[in-house]
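Survey of secondary and tertiary structure
Each chain, written out:
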Amino acid sequence: MLIEVFGPGCAKCQTLEKHARHAAEQSGGDHQVVKISDYATMAIRGILSTPALAIDGQLKSQGKVISSDEIAALLKG
Amino acid sequence: MSERPGCECACASEKGAVPPPSFLRRGGWVLLALPVWILLYAVNHRISEWAAFGLFKLTPKSHLGEAVAFFFYDVPKVLLLLTLIVFIVTFLQTFVSPTKVRNALARRAPGIGNALGSVFGILTPFCSCSAVPLFIGFLRAGVPLGVTFSFLVAAPMINEVALGMLFAMFGWKIALIYAGTGLSIAFIAGLVLGRMSMERHLEGWVQDALKAPAMGESEEEHLTLAARIAEATQGVKDIVGKVWPYILVGILVGAFIHGYVPESFMAGLLGKKTWYSVPLAVAVGVPLYSNAAGVMPIVEALLGKGAALGSTLAFMMAVIGLSLPETIILRKVMRPRLIATFVGVVALGILLVGYLFNAIL
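Residues numbered from 1 in each chain as written. Chains lettered and ligands numbered in written order. Predicted model: local features only at pLDDT ≥ 70, side-chain atom pairs only at ≥ 80, totals over all residues. Heavy atoms only, no water.

With that settled, the discussion passes to the overall build of chain A. Along the backbone of chain A there are three helices and four strands. Ordered by position in the sequence, the α and β elements of chain A form the string β-α-β-α-β-β-α. For chain A, the C-alpha atoms occupy an extent of roughly 30 × 25 × 15 Å along the three principal directions. The burial tally for chain A puts 51% of its 77 residues in the buried class. (Helix = DSSP H or I, 4+ residues; strand = E, 2+ residues; numbered from the N terminus. Buried < 20%, exposed > 50% of the residue type's maximum accessible area, 1.4 Å probe, protein only.)

Spelled out as structure tokens, the structure:
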């Protein structure tokens, strides 16, 4: 699955990216983590607050750092 | 027969054992934490006096003694207040997401839109690194530029934590004055900026991004009470963990003012009768980067030394509401002329508030 992490590069965004990578490793399977820091892309994707996380193009959370467990749960279903 | 009691007992103990931990885990611990908080807050003054004058054997009424007592009293007090206020605020914020606010503001007429934008600005969870996506997202959804500005001015200017701290430390009147004037500035600034049709002063890429078609929207999430309490707890950890150095610096400055700066000096510099006290307060406040909780001890010490309320409020608003880092972030979307107008209108508003309150109080 494609995990996208959106954020301009603040501390919170880096933490979320770390959680996403951790979750991708833990849950096995074929996952790819991509970090997007371009504001124009965020705008088009409808993101209002960062950090945000999308799985396979679907926006799952924004404005908070969710844990790697929560991301793993999102990957499962 | 012999098995039945055992079974019943097992069932009963299971039923009896499961609810307490899950009740606590579901946020019930908050009810237990509250009395502890109240107790700590109640004994804080006595402990601080004992620490300064008993433990360190400083002389009451001496410069050093008063400064140290202020420090020992304020560190636990500000941290305790901050913890409680951040918890309440973050809990309330789980009910207002930027997405909900954006939808409520989309295509609002000026006036009512500016009023709503200002009010939402107080409570919406917002950090300066989110300012850019939020700004573009609002405009894309059809929130008028002026209404977006009202929101953007209110969000940092009427800081929800500052509001709570002012209420707890100085009473409801000062909290109300702060909220009321902040709202008026945000309302008027947005109305004025909206009239000036500044859309063409947005950066080129922003104007392109406004026209690009949308790709998917986020789904609205529904949270349980336990999830809201968990989020509020996380908020306390994040914010208190991040701002305590600012608080420490703020309290050190406050303690110095409290113990060493003579009353006549402060009353002269920031007093009602000094015509330049308000611009001076704003000029000193803007480059200072702190947060709501860090400024409070300084505000406390300034007011204690006879600084006028208008000048002190102006100082506080300049520190919290007009921060350099946020301006730099917003510069990414706004051309210099627009950002200068934005900063100018807000600064003017703060000056007016300062003079107004020095005149009437």
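Further notes follow.
Here we take up the layout of surface pockets. Residues and elements named next belong to chain B. Roughly 380 Å³ of internal volume is contained in the second largest pocket. Every residue lining the second largest pocket is counted, 16 residues in all, and those nearest its centre are Trp29, Val30, Ala33, Leu84 and Phe87. Mapped onto the lining of the second largest pocket, the elements with two or more residues apiece are helix H2 (19-55), helix H3 (63-93) and helix H11 (225-260). Among the elements that make up the lining of the second largest pocket, the one with the highest residue count is H2 (seven residues). Split by residue class, the lining of the second largest pocket holds twelve nonpolar, three polar and one charged. (1 Å grid on protein atoms, 1.4 Å probe; cavity = no way out; pocket = protein on both sides within 12 Å on 5 of 7 lines; lining within 4 Å. Points joined across faces, edges and corners; volume = space filled by probe spheres on them. Nonpolar A, V, L, I, M, F, W, Y, C, P; charged D, E, K, R; others polar.)

A few words on the nonpolar core. One finds Phe135(B), Met165(B), Tyr178(B), Met316(B), Met334(B) and Ile350(B) to be the most contacted residues of the largest nonpolar core, which totals 99 residues. The leading source of residues in this core is H3(B), at eleven residues. Split by domain, the residues of this core number at least three in each of domain 1 (15-95 + 229-242) and domain 2 (105-213 + 261-360) of chain B. Look past the residues within four positions of Tyr178(B) in its chain and what remains in contact with it is Met157(B), Ile158(B), Asn159(B), Ala162(B), Leu163(B), Leu166(B), Leu313(B), Met316(B), Met317(B) and Ile320(B). Formed by 13 residues, the second largest nonpolar core is a distinct cluster that contains Ile3(A), Ala24(A), Val33(A) and Ile71(A). (Core = buried A, V, L, I, M, F, W, Y, C linked by side-chain atoms within 4.5 Å. Domains from an automatic or database assignment. Contact = heavy atoms within 4.5 Å.)

Okay, the confidence of the model for chain B next. Residue and element names in this part refer to chain B. Per-residue confidence for chain B gives a mean pLDDT of 83; residues scoring 70 or more make up 90%. Highest mean pLDDT in chain B belongs to helix H5 (residues 112-123) (90); lowest belongs to helix H1 (residues 3-17) (41). This model gives residues 1-19 a pLDDT under 50, and the stretch forms one contact once residues within four places in sequence are excluded. (pLDDT = per-residue confidence, 0-100.)

Residues and elements named next belong to chain A. One open sheet accounts for four strands, arranged E2-E1-E3-E4; its pairing is mixed. Both edges of this open sheet fall to strand E2 (32-36) and strand E4 (58-62), since each of them pairs with a single strand only. With direction set aside, neighbouring strand axes in the sheet form an average angle of 20°. Pairing of strand E3 (residues 52-55) with E4 involves four bridges; the strand directions are antiparallel. Residue pairing in the sheet places Ile55 in a bridge with Gln58 of E4. Each of strand E1 (2-6), E3 and E4 touches helix H3 (residues 68-76); the most contacted strand, E3, lies at about 25° to it. (Pairing = 2+ DSSP bridges. Axes fitted to C-alpha atoms, helices over the stretch in contact; angles between N-to-C directions.)

Glancing now at the interface of chain B and chain A. Residue-level contacts link 25 residues of chain B with 18 residues of chain A. Both sides of the chain B and chain A interface together cover about 1,900 Å² of buried area, and 59% of this is carbon and sulfur. For the interface between chain B and chain A, the tally reads one salt bridge. In this structure, Glu231(B) engages Lys64(A) in a salt bridge whose closest nitrogen and oxygen atoms are separated by 3.0 Å. (Buried area = accessible area lost by both parts, 1.4 Å probe. Salt bridge = Lys/Arg side-chain N within 4 Å of Asp/Glu carboxyl O.)

Glancing now at the pattern of salt bridges. The full count for this structure, using the stated rule, is six salt bridges over all chains. One salt bridge in this structure joins Glu17(A) and Arg21(A), with 2.9 Å as the shortest N-O distance. A residue pair is termed a helical-turn pair when its members lie 3 or 4 positions apart in one helix, as Glu17(A) and Arg21(A) do in helix H1 (residues 11-26) at four residues. Measuring nitrogen to oxygen at the nearest pair gives 3.9 Å for the salt bridge that ties Glu203(B) to Arg335(B). Residue Glu203(B) is found in the loop between helix H9 (172-195) and helix H10 (204-211), and its partner Arg335(B) is found in the loop between helix H16 (324-330) and helix H17 (336-360); the two are separated by 132 residues along the sequence. Residue Glu203(B) is classed as buried on the basis of its relative accessible area, which comes to 18%. Exposure remark for Arg335(B): the relative accessible area of 32% places this residue in the partly exposed category.

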